[in-house]
Amino acid sequence: KLPYATIRYEEPIIYITFKQGSELGFPEMKELVQYAETLSGYKNYFVFSQVGENVSVTMEGRRFAFDAKNSPYQKGTAVLVKNNVVSLAANLYVGFKDPAFPYKVFTDKQKAIDWLLSLPLESEFKTG
């Protein structure tokens, strides 16, 4: 357990649940990647993130999270949010940012996990 999230690994998915009111910046994102790599045994993995209320990500945190060089084993991310408005807004934002690996926001946990498991685990994505 971290002060801002809980993290666990069930191959091939890293599950992260963010605590309400957390602010995620560069240090937190870097720490999460280090934990994810350790838990996965430095093998390719997907990330499933569940976001609580009032969780915010700084610009530096976003920049770090979307750069494949910072998490070379991460091959896709699904984020679970509580409502469709947040999901739509987040997916539009991500569409403009062009992340280096598949990234999608959902309101249904099973659809998010199914989507992750449909992605290729051994693929290479752009690194810059």
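Predicted model only: the values in this text are computed from it and were never measured.

Caption draft 1: Geometry of the nonpolar core. Core analysis: the biggest nonpolar cluster contains 16 residues, and Tyr4, Ile14, Ile16, Phe18 and Leu32 have the highest contact counts within it. Among the secondary structure elements, those contributing two or more residues to this core are strand 1 (5–10), strand 2 (13–18), helix 1 (26–39) and strand 4 (45–50). Per-element tally for this core: the top contributor is helix 1, with four residues. Not counting residues up to four positions away in its chain, the partners in contact with Phe18 are Tyr4, Ala5, Leu24, Leu32, Ser49, Gln50, Val51, Gly52 and Val55. Counting 12 residues, the second-largest nonpolar core is a separate cluster that includes Phe46, Leu80, Trp115 and Leu116.

Caption draft 2: Region of interest: the side chain of Gln74. In this structure, Gln74 sits in strand 6 (residues 74–80). The exposure class assigned to Gln74 is buried, which follows from its relative accessible area of 11%. Here the side chain of Gln74 touches Thr77 through a polar contact of 2.3 Å, side chain to side chain. Apart from the residues within four sequence positions on either side, Gln74 is in contact with Tyr45, Val47 and Phe101.

Caption draft 3: Spotlight on the sheet that holds strand 6. Reading across the sheet, the five strands line up as 1-2-4-6-7 and stay open at both edges, with mixed pairing between neighbours. Since the sheet does not close on itself, it has two edges, and those belong to strand 1 and strand 7 (103–106), each with one partner. Strand-to-strand twist of the sheet, defined as the mean angle between neighbouring strand axes without regard to direction, takes the value 20 degrees. Packed on one face of the sheet, helix 1 meets strand 1, strand 2 and strand 4 and runs near 25 degrees to strand 1. The strands that helix 4 (residues 109–118) touches are strand 2, strand 4, strand 6 and strand 7; relative to strand 6, the one it contacts most, it runs at about 170 degrees.

Caption draft 4: View of the pairing of strand 6. The element strand 6 is extensively covered by neighbouring structure, given that seven of its seven residues are classed as buried. Summarising the sheet, strand 4 and strand 6 pair through five bridges and their orientation is parallel. Bridge pairing in strand 6 places Val47 opposite Thr77. As paired strands, strand 6 and strand 7 are joined by four bridges and run parallel to one another. Across the sheet, Val79 pairs through a bridge with Val105, a residue of strand 7.

Caption draft 5: Here's a closer look at the pattern of salt bridges. All chains considered together, the criterion is met by one salt bridge. The salt bridge involving Glu10 is made with Arg8; its shortest N-O contact spans 2.1 Å. We classify Arg8 as partly exposed; its relative accessible area is 39%.

Conventions adopted
- Residues numbered from 1 in each chain as written.
- Predicted model: local features only at pLDDT ≥ 70, side-chain atom pairs only at ≥ 80, totals over all residues.
- Heavy atoms only, no water.
- Core = buried A, V, L, I, M, F, W, Y, C linked by side-chain atoms within 4.5 Å.
- Buried < 20%, exposed > 50% of the residue type's maximum accessible area, 1.4 Å probe, protein only.
- Helix = DSSP H or I, 4+ residues; strand = E, 2+ residues; numbered from the N terminus.
- Contact = heavy atoms within 4.5 Å.
- Polar contact = N/O pair within 3.5 Å; in protein donor to acceptor, adjacent residues only side chain to side chain.
- Pairing = 2+ DSSP bridges.
- Axes fitted to C-alpha atoms, helices over the stretch in contact; angles between N-to-C directions.
- Salt bridge = Lys/Arg side-chain N within 4 Å of Asp/Glu carboxyl O.

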